[in-house]
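Below are the chains, spelled out letter by letter.
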Amino acid sequence: MIEFQDLHKAFGEKPVLQGFSLKIRDAETVVVIGYSGSGKSVALKHIVGLLHPDAGDVIVDGQAVSTLDRDGLTRLRQGIGYVFQFAALFDSMTVADNLALGLRRRGLGEEEIEERVREALALVDLSGTGDRLPAELSGGMRKRVGIARAIALRPRYILYDEPTTGLDPVTSAVIDRLMVRTREHLGVTGVVVTHDMRSAYTVGDRIAMLFEGRMRQVGTPEEIQRTEDAVVRQFIEGRAE
Amino acid sequence: MLRPYYFWSSFSPVIQSIGRRSISAIEAVGRVGHFVMDTARALPDVGTWARLLILQMRRVGVDSLPVALFIAAFTGVVLALQASYTFTGAVPLYFVGTLVGKTMMLELGPVLAGLALAGRVGASMAAELGTMKVTEQVDALETLAYDPQSYLVIPRVLAGTLMFPVIVAFAVATGIITGWLTSLVLLDLSTQDFIKGLKLFYVFKDVWFGLLKSASFGFTITLVGCIVGLSTRGGAEGVGRSTTRTVVYSAILILVLDAFWAVVLL
């Protein structure tokens, strides 16, 4: 289970998170929605210790992330897959090497690594692209490689940072289907940060809205669609005013 | 006449600016200390950095050799000609060998190679790591349970420290050879006389002093490249700024270190 406990984070004078709290249960996918710059990605980075909170904490499997030492963080990260907004693939490595890097860190043998790379690429419908460089792939393909890199680790949790941003509607739908398939095949707990409502309704078991650094509302997609909260309604309907 | 309040308040912006700059300088020193501590702490993670060390040694060492040798070759020519011009009539010409040898080993070999490689090695490291930083590749590395210090920093800094003396040794040899050829062809100095001059005041310290200096330059240039590269912010413009900063800081530090070693060891 992942739990945000009264998380506070500011960058300089600018407060971003001001008491964000949310519980994510095992095997569910929670989508965190909110305006650009509302702190969704900041919250996500706290889960893997990429950012240190000013106050509050994130609890993952009973461990407070901010109190973990380097070894503790390494162990925590070995159970979490992270899909970055722009994929963050290592541009000097082939697709296969991108996937293999995290597996080598876990001390797996070369044969098992090859098998897992093949399997993960097949799951994202990119079999046969292992020898290509990230620069030779389209934006959608890069995102799928990013997802494959996370899947190959067989993590307990997968964190998706804006997985459909900047993609055309069809490619976005492919990524959505992939996230659903990943949950069904691997049974992983997922946290998805997005402002794409179609994607949120498709992949989320629950949807949580982050507004002005705090949780505004959390509920099932149906509950969110029926919301009477004016802020949430304006956001999900995409109205200017 | 200004009243005391107005007198002091007119200095206020200057004092504030000095204060801000001082605080930011102290913070920068703290960040560097923290970075070096982090790097030292990651040293036991041999399994990660050892397999990347050879690749970096090739990139820092072998790939930089042509630039260093090119510079050294022309430096040797100029040193021989300037020595002969300076010594005309007053000092025996075989001292050309002395001057070329001593200057290449003690000063110009390490310093010119260091300055050239600050541009080539330091700038390329800052650009590479800066790009990785702004495209979240460094964060990705961390989420894959790698320590960026052991994966990115240690192989580069070790490669720089180990390979710079090798590059400088080749550069010194090249400079002496071109100095000798220049003496032979343009100054009518015989090989025996050139070697006589070369051996005249030679002591083994000349060699290890130059190589020690080069190792310290290699360590500094690569460390600066890594620190500046990994603190890059702000996209392509930030990467450009980091590259420039690395070259400037490295060049300054090379000259400061050069003076430091001269004071301490000569």
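Residues numbered from 1 in each chain as written. Chains lettered and ligands numbered in written order. Predicted model: local features only at pLDDT ≥ 70, side-chain atom pairs only at ≥ 80, totals over all residues. Heavy atoms only, no water.

All names here are of chain A. Read from one edge of the open sheet, six strands run E6-E7-E8-E3-E9-E10, paired in mixed fashion. Each having just a single partner strand, strand E6 (80-83) and strand E10 (214-219) make up the two edges of the open sheet. Here the strands of the sheet are splayed against their neighbours by 15 degrees on average, with no regard to which way each runs. Sheet topology note: the strand E7 (residues 157-161)/strand E8 (residues 189-193) ladder contains five bridges and is parallel. The residue of E8 that forms the bridge with Tyr157 is Thr189. (Pairing = 2+ DSSP bridges. Helix = DSSP H or I, 4+ residues; strand = E, 2+ residues; numbered from the N terminus. Axes fitted to C-alpha atoms, helices over the stretch in contact; angles between N-to-C directions.)

This brings us to the packing of aromatic side chains. All names here are of chain A. Here the structure, examined in full by the defined rule, presents nine aromatic pairs over all chains. When the ring of Tyr35 is compared with that of Phe211, the centres are 6.1 Å apart and the planes differ by 55 degrees; the resulting orientation is tilted. Placement of the pair is Tyr35 in the loop between strand E3 (29-33) and helix H1 (40-47) and Phe211 in strand E9 (residues 206-211), with a sequence separation of 176 residues. Residue class for Phe211 comes out buried when judged on its relative accessible area of 19%. (Phe/Tyr/Trp six-rings, centres within 6.5 Å; stacked < 30°, edge-to-face > 60°. Buried < 20%, exposed > 50% of the residue type's maximum accessible area, 1.4 Å probe, protein only.)

Moving on, we get to the nonpolar core. Among the nonpolar cores identified, the biggest contains 98 residues, and Ile2, Phe4, Ile33, Ile47 and Leu159 of chain A are the most heavily contacted of them. Examining the composition of this core, we find that seven residues originate from one element, helix H5 (residues 139-152) of chain A, more than from any other. Both domains that furnish three or more residues to this core are identified here as domain 1 (2-79 + 155-237) and domain 2 (93-154) of chain A. Every residue in contact with Ile47 of chain A, bar those within four places of it in the chain, is listed here: Ile2, Phe4, Val58, Val60, Val65, Leu76, Ile80, Leu159 and Val191 of chain A. Membership of the second largest hydrophobic core comes to 22 residues, among which are Ala42, Val60, Leu106 and Val111 of chain B. (Core = buried A, V, L, I, M, F, W, Y, C linked by side-chain atoms within 4.5 Å. Domains from an automatic or database assignment. Contact = heavy atoms within 4.5 Å.)

Residues and elements named next belong to chain A. What the domain assignment lists for chain A is domain 1 (2-79 + 155-237) and domain 2 (93-154). Facing 22 residues of domain 1, the contacting portion of domain 2 comprises 14 residues. For the pair domain 1 and domain 2, the summed buried surface comes to about 1,300 Å²; carbon and sulfur atoms form 66% of the total. In terms of surface lost to domain 2, no three residues of domain 1 exceed Gln78, Pro155 and Leu178, which account for 36% of the buried area on that side. For Arg181, the salt bridge goes to Asp125, with nearest N and O atoms at 3.5 Å. Along the contact surface separating domain 1 from domain 2 lie six residue pairs in polar contact (both at pLDDT 80 or more). Of all the secondary structure elements, the ones that give two or more residues to the side of domain 1 that touches domain 2 are helix H2 (70-77), E7 and helix H6 (169-186). (Buried area = accessible area lost by both parts, 1.4 Å probe. Salt bridge = Lys/Arg side-chain N within 4 Å of Asp/Glu carboxyl O. Polar contact = N/O pair within 3.5 Å; in protein donor to acceptor, adjacent residues only side chain to side chain.)

Inspection of the secondary structure assignment puts Gln85 of chain A in the loop between E6 and helix H3 (95-105). In this structure the C-alpha to C-alpha distance between Gln85 of chain A and Tyr160 of chain A, which are 75 residues apart in sequence, comes to 7.6 Å. Once residues within four sequence positions are removed from consideration, Gln85 of chain A is found in contact with Lys143, Asp161, Glu162 and Thr165 of chain A together with Glu136 of chain B.

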